[in-house]
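Each chain is listed here by its residues.
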Amino acid sequence: MRRTLLALLLCLPATAFAQETGQPPVVPDRSPAALAAATAAMPSSPAPARFQQPEPPPPPPPPQNRRRPSMVGYIGDATIGSQFRVRFDAAFENTAPDRAEFFYGKCGCYRGLPTSHPAYDPDAPGPGPGIASSIDYRQLILQGEYAAGDRVSVYGELPFRWVSPQSFVAGTGTFDSSAGVGDLRVGGKFALVAMPDRYVTVQLQLDAPTGDAGQGLGTDHWSVSPMLLYFQRLTDRVTFESQFGSIHPVGGSAGIPTDGSDKFAGTVVTYGAGASVDLMPGASVGIVPVLEFVGWHVVNGFQTSTLGPADGTDIFNVKIGARIVSGPRGSACDTSP
């Protein structure tokens, strides 16, 4: 009897609920499809920060298309960088080719003088027996530079020279044209200031007597040349460059007279300044006019053209030309009369 009453009491709430709502009691649907639909309807919560993928870095800015820093041809290049250049020079009417043994060695005409003559020199290394009063020459120079860092580089220059005598002092004889390897040049550069728009560089060069002096291809002595080089980009178009230095012979031929202490070879101070204007900055191909002023001052030494000292001689050249620029570093066709 007690069990029957307890069962009736438990059924009363469900029966009352059905009478009040008029709906049967809801039984949850636990089928797999219903569970999947309920899960999809739930709002998604963000993943913990430790599982979030990092945002990719912004792309690097596109490289600037800048032309090669140095555009001058006769002034030393103050910038530091690995490069290879081919240079061709042509000069005409050199009236004192053995002056201070700067271009080639002491004239071989001294070998033919009487032994009693105070200028007689059997060791004069230059071409002879004629005394050249006008020389034309051409040079093809292969130049290579290797940068060991942002401030230091080493370089070398190998010249090939063609010498063509045009006239001689009457009664002294002649000599033939010649061609061959000239004096090898090697050196190093150290930038005291190395900035994209400015370089201040110290250069030290050593000239080795590899050219045949008897053919007019070399000086027959070593030389040491310290140089201070400067580069400044004034604007996106205009660049200014300059140099100041000297050439010091090591050894050299005997002077005039040969029993004196002075040498035929002499110290030469060299200086110059130049500017270039990029007419089309940033273009893949452009034109860059170049204007250079280059000077030499002979401190001491001798020359055959005057049969006496060469000290105090000043030579000043103005060189006007242009370059065709290809890409950020390539250039060609630098013509300077």
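Residues numbered from 1 in each chain as written. Predicted model: local features only at pLDDT ≥ 70, side-chain atom pairs only at ≥ 80, totals over all residues. Heavy atoms only, no water.

Student: Sorry, what's going on with the overall build of the protein here?
Tutor: Secondary structure assignment for the protein yields 2 helices and 14 strands. Classification of the 337 residues of the protein by burial places 37% in the buried group. Partitioning the intrachain contacts of the protein with sequence separation of at least 6 by distance along the chain shows that 61% fall at a separation of at least 24. Surface exposure of the protein reaches about 19300 Å², of which carbon and sulfur atoms provide 63%. (Helix = DSSP H or I, 4+ residues; strand = E, 2+ residues; numbered from the N terminus. Buried < 20%, exposed > 50% of the residue type's maximum accessible area, 1.4 Å probe, protein only. Contact = heavy atoms within 4.5 Å. Areas by Shrake-Rupley, 256 points an atom, 1.4 Å probe, with all protein chains shown as cover.)

Student: I keep staring at the confidence of the model for the protein and nothing clicks. Help me out?
Tutor: Any residue range with low pLDDT should be treated as having predicted coordinates unsuitable for detailed reading. Overall, the prediction assigns the protein a mean pLDDT of 85, with 77% of residues at 70 or greater. No element of the protein has a lower mean pLDDT than helix H1 (residues 2-21), which averages 48, and none a higher one than strand S6 (residues 198-208), which averages 98. Below pLDDT 50 for its whole length, residues 13-21 participates in 2 contacts with residues either more than four positions away or in separate chains. pLDDT under 50 marks residues 62-67. Its contacts with residues more than four places away, or in other chains, come to 19 contacts. (pLDDT = per-residue confidence, 0-100.)

Student: Whenever I open this one, the pattern of salt bridges confuses me. Can you help?
Tutor: When their charged atoms lie close together, side chains carrying opposite charge are able to pair. Within the structure shown, the criterion is met by 6 salt bridges. As a salt-bridge pair, aspartate 89 and arginine 87 come within 3.0 Å of each other at their nearest N and O atoms. Between aspartate 207 and arginine 185 there is a salt bridge whose closest N-O contact spans 3.9 Å. A residue pair is termed long-range when its members are at least 10 positions apart, and aspartate 207 in strand S6 and arginine 185 in strand S5 (residues 184-195) qualify at 22 residues. Owing to a relative accessible area of 14%, aspartate 207 belongs among the buried residues under this scheme. Among the residues examined, arginine 185 registers a relative accessible area of 26% and is labelled partly exposed. One continuous salt-bridge network, built from bridges that share partners, spans Glu157, Arg185 and Asp207. (Salt bridge = Lys/Arg side-chain N within 4 Å of Asp/Glu carboxyl O.)

Student: Is there a simple way to think about the side chain of glutamine 232 in this case?
Tutor: Locating glutamine 232 in the fold gives a position in strand S7 (residues 222-233). Classification of glutamine 232 as buried rests on a relative accessible area of 11%. Among all residues touching glutamine 232, those that are not within four sequence positions of it are Asp197, Arg198, Thr239 and Phe240.

Student: Explain the packing of aromatic side chains to me, please; I cannot follow it from the model alone.
Tutor: Two aromatic rings, taken as a pair, are described by how far apart their centres are and by the angle between their planes. Applying the stated criterion to the full structure yields 8 aromatic pairs. For the pair tyrosine 110 and phenylalanine 264, a centre-to-centre distance of 6.1 Å together with 70 degrees between the ring planes defines the contact as edge-to-face. Linking tyrosine 110 in the loop between strand S1 (83-94) and strand S2 (132-147) with phenylalanine 264 in the loop between strand S8 (238-250) and strand S9 (268-277), this pair joins segments that are 154 residues apart in sequence. The class of phenylalanine 264 is buried, set by a relative accessible area of 0%. Look at tyrosine 199 and phenylalanine 231: their rings are 6.3 Å apart centre to centre, the planes differ by 65 degrees, and that puts the pair in the edge-to-face class. One end of the pair, tyrosine 199, is in strand S6; the other, phenylalanine 231, is in strand S7, with 32 residues separating them in the sequence. Each of the two residues, tyrosine 199 as well as phenylalanine 231, counts as buried. Among the aromatic residues, those joined into a ring-pair cluster are Phe103, Tyr104 and Tyr137. Sitting above the plane of the tyrosine 110 ring, lysine 106 keeps its charged end 4.7 Å from the centroid. (Phe/Tyr/Trp six-rings, centres within 6.5 Å; stacked < 30°, edge-to-face > 60°. Lys NZ or Arg CZ within 6 Å of the ring centre and 35° of its normal.)

Student: Could you clarify how one ought to interpret unusual backbone geometry in this entry?
Tutor: Most peptide bonds are trans, and most residues other than glycine sit at a negative phi. A cis amide bond links glycine 128 to the next residue, proline 129, at an omega of 10 degrees. If you trace the backbone, proline 129 turns up in the loop between S1 and S2. The residue glutamate 101 is not glycine, and still its phi comes out positive at about 50 degrees. With respect to the helices, strands and loops of the structure, glutamate 101 is situated in the loop between S1 and S2.

Student: What is the right way to look at a nonpolar patch on the surface in this model?
Tutor: Together, Val152, Phe190, Leu192, Val202 and Leu228 make up a nonpolar patch on the protein surface, roughly 410 Å² of accessible area in all. Look at leucine 228 and you get partly exposed, because its relative accessible area is 43%. (Patch = residues over 30% accessible without salt bridge, like charges linked within 9 Å, V, L, I, M, F, W, Y side chains within 5 Å.)

Student: Even after reading the chapter, I still don't get the environment of valine 298, so can you show me in this structure?
Tutor: Along the chain, the position of valine 298 falls in strand S10 (residues 285-298). Along the chain, valine 298 and glycine 312 lie 14 residues apart, while their C-alpha atoms are 5.6 Å from each other.

Student: Whenever I open this one, the side chain of glutamate 241 confuses me. Can you help?
Tutor: Relative to the helices and strands, glutamate 241 resides in strand S8. In terms of polar contacts, glutamate 241 uses its side chain to reach the side chain of serine 70, at 2.9 Å. (Polar contact = N/O pair within 3.5 Å; in protein donor to acceptor, adjacent residues only side chain to side chain.)

Student: When you look at the environment of alanine 170 in this model, what are you seeing that I'm missing?
Tutor: Relative to the helices and strands, alanine 170 is located in the loop between strand S3 (152-168) and strand S4 (178-181). Separated by 40 residues in sequence, alanine 170 and glycine 130 have C-alpha atoms that sit 8.7 Å apart.

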